[in-house]
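Reading the structure
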Amino acid sequence: MNSRRNFFKTAALGAAALSIDGLPAAAQSRKGKGRKPIVVSTWDFGIAANKAAWQVLKKGGRALDAVEAGVHVPESDPNNHTVGYSGFPDRDGHVTLDACIMDELGNCGSVAALEHIVHPISVARKVMEKTPHVMLVGEGALQFALENGFKKENLLTPESEKAWKEWLKKSEYKPVMNIENQSYEGKKGTSAFNGGETNATAFNPLKLPGNVYNHDTIGMVALDAQGNLSGACTTSGMAFKLHGRVGDSPIIGAGLYVDNEVGAATATGVGEEVIRVVGSFLVVELMRQGYSPEAACKEAVMRIVKKNPDRAKGIQIGFLALNKKGEHGAYCLHEGFSYAVTTGDDKEELIKGKHYF
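Residues numbered from 1 in each chain as written. Predicted model: local features only at pLDDT ≥ 70, side-chain atom pairs only at ≥ 80, totals over all residues. Heavy atoms only, no water.

Per the secondary structure count, the chain includes 11 helices and 15 strands. Out of the 357 residues in the chain, the part that is buried amounts to 55%. Sequence-distant contacts, at least 24 apart, represent 64% of the contacts inside the chain between residues at least 6 apart. (Helix = DSSP H or I, 4+ residues; strand = E, 2+ residues; numbered from the N terminus. Buried < 20%, exposed > 50% of the residue type's maximum accessible area, 1.4 Å probe, protein only. Contact = heavy atoms within 4.5 Å.)

Written as structure tokens, this is what we have:
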């Protein structure tokens, strides 16, 4: 009788020890409490963006709030010509912005071809939270933003306008890899803005925060202390694109995808090719099958290469992924893609993505 009483007592104590907040241990594991927060983002300017995101994560904040705060940094940076304010315009001189956001519950919002709003990511979040829709575009997106208190501003800065006018001299639209980052400062020669001789002084590509291989997007995904994932992606799109062109960045499943059971992924580069393979969704599904983040990103890149090897040689595309365990990885077509990782106030690093070519 004594041993039986001790058995039940021990069992009860064990059950209590394995239960927190009224949830059994297995449920706690699924909920993900006590996970170490982490935020990862594309390109060198991801370091500054991650710092802002980390301020939310280190206080136990939600990953969704972290990624929104993080990408606000490049969106409002006048020295970044590939995201938000001061982004290079389309061929008609319009700065049009694309962005999407997705949370741990599968909720998502998106805007495309949005003008005059510095933070399209926040408009995308409003679309997610205040409408029954996923995506708003163009004039409708702007109307919605203004109705929700966003301020209308001129996003075309003098520096970006100067680069556009230089390009207009020949107006040759060529979706060349990283064309928006190529110029010759104060030197006569071939300019990527117009394909001919010029004394272009638009800007020095080495001064850009995303380095010479940067291609027009910041994608960010984060895992918070509750074990929940969220992501954001925002861009001003390809420099001097056709008016109305939209790439992968605002498209859920292409530029960004989050599945809280598995992981999250984002893409950067020539969006048309990412759309063709539904890239970010593909990366997450490969992780579901057991691929590591890096291996999943590599397989997505290989799908692009197999579809058109010759085209792949002239463009840049990179994928970045984070799984539920907090493991991260990336892979790209060409050397030069980098991604930022932050796990603490002074725990940040910039990692060079492995590449195919």
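After that view of the structure, there is still more to cover.
Before going further, it helps to spend a moment on the sheet that holds strand β12 (residues 328-332). Taken in spatial order, the 5 strands make up an open sheet running β9-β10-β11-β12-β15, and their pairing is mixed. In this open sheet, the two edge strands, each paired with only one partner strand, are β9 (256-259) and β15 (354-355). Across 7 bridges, strand β10 (residues 263-269) lies against strand β11 (residues 317-323) in antiparallel orientation. Within β11, the position partnered with T266 by the bridge is L320. Packing against the sheet, helix α9 (residues 279-288) makes contact with β9, β10 and β11, and its axis sits at approximately 145° to β10. Running at roughly 20° to β12, helix α10 (residues 293-307) makes contact with β11, β12 and β15 of the sheet. (Pairing = 2+ DSSP bridges. Axes fitted to C-alpha atoms, helices over the stretch in contact; angles between N-to-C directions.)

One open sheet holds the 8 strands; their spatial order is β4-β3-β2-β8-β7-β1-β13-β14, and the pairing between them is mixed. Of all strands in the sheet, those with a lone pairing partner are β4 (135-137) and β14 (347-352), marking the two edges. Direction aside, the axes of adjacent strands within the sheet are offset by 10° on average. In this sheet, β14 lies alongside strand β13 (residues 338-344) in antiparallel orientation, the contact comprising 6 bridges.

On to the nonpolar core. Membership of the largest hydrophobic core comes to 79 residues, with the highest contact counts inside it found for I101, V111, V123, V283 and F319. When residues of this core are assigned to their parent elements, the largest contribution, 6 residues, is made by α10. (Core = buried A, V, L, I, M, F, W, Y, C linked by side-chain atoms within 4.5 Å.)

Right, let's talk about unusual backbone geometry for a bit. With a phi close to 75°, S86 is a non-glycine residue in the positive phi region. Its place among the elements puts S86 in the loop between α4 (63-75) and β2 (97-102). You can call S86 buried: its relative accessible area is 0%. Positive phi, close to 60°, is recorded for F240, a residue that is not glycine. Take F240: it is sitting in the loop between β8 (229-235) and β9.

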